[in-house]
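A closer look at the structure
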Amino acid sequence: MTKISKTGSNQLPPILSITKIKINMKREEIFIRFLSLVRTHFKEEFNIGFYSEHLGVSSDELSEIIWEKSESTLSDWLDTMQKRA
């Protein structure tokens with residue numbers, strides 16, 4: 001149950017706040033590892049399944065993380081990397 005402060009705003013209980021922070025940190029770590037992988041493999045790997053398998057997450061979750069962290073898709077990243085090569 002969330003607590004209502006005197007101002008009427010909702011606050012997460014401390015344990016939920018910590019859990020949310022840990023989830024965000026994990027997603028950030030996955031995104032950073034994704035960036036490293038895409039820099040290494042962008043010329044030969046175009047399928048999100050390759051990247052999600054190496055990162056230990058589902059393709060849907062990786063797509064969500066990429067969008068959340070960069071507002072871009074895997075295709076956007078691959079296109080950008082191809083143009084820079």
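Residues numbered from 1 in each chain as written. Predicted model: local features only at pLDDT ≥ 70, side-chain atom pairs only at ≥ 80, totals over all residues. Heavy atoms only, no water.

As for its position among the elements, histidine 54 is in helix 2 (residues 48-55). Residues histidine 54 and phenylalanine 34, spaced 20 residues apart in sequence, show a C-alpha to C-alpha distance of 8.8 Å. Excluding its chain neighbours within four sequence positions, the residues that come into contact with histidine 54 are Arg33 and Leu37. At 2.9 Å, the side chain of histidine 54 forms a polar contact with the backbone oxygen of phenylalanine 50. (Helix = DSSP H or I, 4+ residues; strand = E, 2+ residues; numbered from the N terminus. Contact = heavy atoms within 4.5 Å. Polar contact = N/O pair within 3.5 Å; in protein donor to acceptor, adjacent residues only side chain to side chain.)

Another aspect to go through is the pattern of salt bridges. Scanning the model with the defined rule gives six salt bridges in all. Across the pair lysine 69 and glutamate 28 runs a salt bridge whose closest N-O atoms are separated by 3.2 Å. In this pair, lysine 69 sits in helix 3 (residues 59-70) while glutamate 28 sits in helix 1 (residues 14-41), placing the two residues 41 residues apart along the sequence. Overall, the relative accessible area of 28% leaves lysine 69 in the partly exposed class. The class of glutamate 28 is partly exposed, set by a relative accessible area of 35%. (Salt bridge = Lys/Arg side-chain N within 4 Å of Asp/Glu carboxyl O. Buried < 20%, exposed > 50% of the residue type's maximum accessible area, 1.4 Å probe, protein only.)

This part is about helix 3. Residues spaced three or four apart along an α-helix point in a common direction, a consequence of the helix completing one turn every 3.6 residues. Here helix 3 spans 16 Å end to end across twelve residues, near enough to the 16 Å set by a 1.5 Å rise per residue. Inspection of helix 3 places Leu62, Ile65 and Ile66 among the buried residues, and these make up the whole buried set. When helix 3 is viewed along its axis, its buried side chains cluster within an angular range of 100° and face the same direction. Tucked inside the fold, the buried residues of helix 3 contact helix 1, helix 2 and helix 4 (74-84). (Expected span 1.5 Å × (residues − 1). Arc of directions from axis to C-beta.)

This part is about unusual backbone geometry. The backbone phi angle of glutamate 71 is positive, close to 55°, even though this residue is not glycine. Inspection of the secondary structure puts glutamate 71 in the loop between helix 3 and helix 4.

Okay, the nonpolar core next. Counting residues in each nonpolar core, the largest one holds 19 residues, and the members touching the most others are Phe34, Val38, Tyr51, Leu55, Leu62, Ile66 and Leu74. If you list the elements that add at least two residues to this core, you get helix 1, helix 2, helix 3 and helix 4. Of the residues forming this core, the biggest block, six residues, is contributed by helix 1. Leave out the neighbours within four places in its chain, and leucine 55 touches Ile30, Arg33, Phe34, Leu37 and Leu62. (Core = buried A, V, L, I, M, F, W, Y, C linked by side-chain atoms within 4.5 Å.)

These values are about where atoms sit, not about what they do.
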